[in-house]
Amino acid sequence: MSLSADAAADISHLRPGCFKLFDSHCHLDLPDLAAGHALHWQQAQAVGVAELLIPAVEQAAWQNLLEMHALQPAWHIALGIHPWWAEKHDLTHIALLDQQLKLHTAAVCAIGEIGLDFALPEATFDKQQQLFDAQIAVAKYYAKPLILHHRKSQPQLLAALKPHQFSKGGILHAFSGSQQQAKKFLDLGFKLGIGGTITYDRAEKTRNTVKMLPLDSFVLETDAPAMPLAGFQGTINTPAQLARVFSVFCQLRTEPALQIAEQLWQNTQQVLKLSA
Ligand SMILES: [Zn+2]
């Protein structure tokens, strides 16, 4: 089925049943969403979200995520330590991560959310680097992709990956930036996580990157409960908002919406190694 370019800009005529969306970054376990997660999931499914990935932020979250995945297999999980929580952790937690991966290799589809955040105080940088480096090693050992967090740290992420000769790829979550920045990650087998940023007119550079790069460069995400879309500032973001991210994504592309949905679905399945 093909749609005209004009039709591709508006997905309101598409019934959710005829395409599937994957929210590749949704913190469904965090307090703002956890209490209502059954309702959030129902609302997300009603607009076409068929699967999502919940990345962990700290060791204390891992057991709950394993239980959530066991109850609902469409909720994929990543285990790891987010740089904002680095100060609470040390290398003993990396040994625990290794243990969890050994026990639950099939249930854990990625290591994340991990990375470097240089907008945090400088006193945290050493610990952040140490934990990031150790988690890349765990991911490499278990052949798992990475869910990468970055803030003022894209070159340092690349520098940290290099000595590991890391080849399992992953998702550069909350991508913003130019085609040149994007290509360095694409060359390493990463996809760019595109979320609510593109709903803001001021995000010209990122919107242009979405227009220009091949469709196999991208996956979609909400980063719920964070990152509210334009027009929704001050409210809690939810996985159902992925339909709006998809709609804006389609407006930036020339391909028909159904083709875009199919390719984004495949991109996510492939990078998270969920498809056979
Ligand atoms: Zn996140």
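All residue numbers here refer to positions counted from 1 along the written sequence of the relevant chain. In keeping with the model being predicted, local features are shown solely for residues with a pLDDT of at least 70 and side-chain atom pairs are shown and tallied solely at 80 or more, while totals for entire chains, interfaces and linings include all residues. With hydrogens and water set aside, each side-chain value is computed from the structure's full complement of heavy atoms.

1. Examining the coordination of the zinc ion
Note that water is not among the atoms used; donors are N, O and S atoms within 2.8 Å of the metal (3.2 Å for Na, K and Ca), so sites may look incomplete. Ligation of the zinc ion by protein atoms is provided by His25 (NE2), His27 (NE2) and Glu113 (OE), these donors lying 2.1 Å from the ion. Considered as a linear motif, the donors of the zinc ion on their single chain read H-x1-H-x85-E. A relative accessible area of 0% means that His25 is categorised as buried. When accessible area is computed with a 1.4 Å probe and restricted to protein chains, residues below 20% of their type maximum are described as buried, those above 50% as exposed, and intermediate ones as partly exposed.

2. Brief notes about the packing of aromatic side chains
Any pair of Phe, Tyr and Trp rings, taking the six-membered ring for Trp, is counted once the centres come within 6.5 Å. Such a pair is stacked with planes under 30 degrees apart, edge-to-face with planes over 60 apart, and tilted for the rest. Taken as a whole and assessed by the stated rule, the structure comprises eight aromatic pairs. Between Tyr141 and Tyr142, the aromatic rings sit 4.9 Å apart at their centres with planes inclined by 80°, giving edge-to-face as the arrangement.

3. Here we look at the nonpolar core
Nonpolar cores were defined as sets of buried Ala, Val, Leu, Ile, Met, Phe, Trp, Tyr and Cys residues, with membership established by side-chain atoms within 4.5 Å. Leu146, Leu148, Ile194, Phe246 and Phe249 are the most contacted members of the largest nonpolar core, which has 72 residues in total. Helix numbering and strand numbering both begin at the N terminus, where a helix is a DSSP run of H or I of at least 4 residues and a strand a DSSP run of E of at least 2. A total of seven residues in this core trace back to one element, the largest contributor, which is helix α10 (residues 242–252). The residues touching Phe249, leaving out its near neighbours within four places in the chain, are Ile194, Ile198, Val210, Leu215, Phe218, Leu220, Ile260 and Leu264. With eleven residues, the next largest nonpolar core counts Cys109, Ala110, Val219 and Val271 among its residues. Between two residues, a contact is recorded if the distance between any of their heavy atoms is within 4.5 Å.

4. Quick look at unusual backbone geometry
The residue after Gly112, namely Glu113, is reached through a cis peptide bond having omega 5°. On the secondary structure map, Glu113 appears in strand β4 (residues 108–117). In the segment running from Ala224 into Pro225, the intervening peptide bond is cis, with an omega of 10°. Inspection of the secondary structure puts Pro225 in the loop between β8 (218–220) and α10. Even without being glycine, Ala174 reaches a positive phi, approximately 50°. With respect to the helices, strands and loops of the structure, Ala174 is situated in the loop between β6 (170–172) and α8 (179–186). Even without being a glycine, Lys273 presents a positive backbone phi close to 55°. By the element assignment, Lys273 lies in the segment after α11 (257–271).

5. Considering the state of the cysteines
Pairs of cysteine sulfur atoms within 2.5 Å are identified as disulfides in what follows. Tallying each qualifying case throughout the model produces zero disulfides. Cysteine Cys109 remains unbridged, with the sulfur of Cys26 as its closest cysteine sulfur at 13 Å. Looking at Cys250, it has no disulfide partner, and the nearest cysteine sulfur is the one in Cys18, 11 Å off.

6. So, the pairing of strand β3 (residues 75–79)
Counting buried residues along β3, five of its five residues qualify, which places the element largely inside the surrounding structure. Burial along β3 is two-sided: the face carrying Trp75, Ile77 and Leu79 and the face carrying His76 and Ala78 are both buried. Bridge count between strand β2 (residues 49–55) and β3: four bridges; the pairing is parallel. Directly across from Pro55, in β3, lies its bridge partner Ala78. Two strands form a pair only when DSSP identifies at least two bridges running between them. Here three bridges tie β3 to β4, and the two strands are oriented parallel to one another. The residue of β4 that forms the bridge with Ile77 is Val108.

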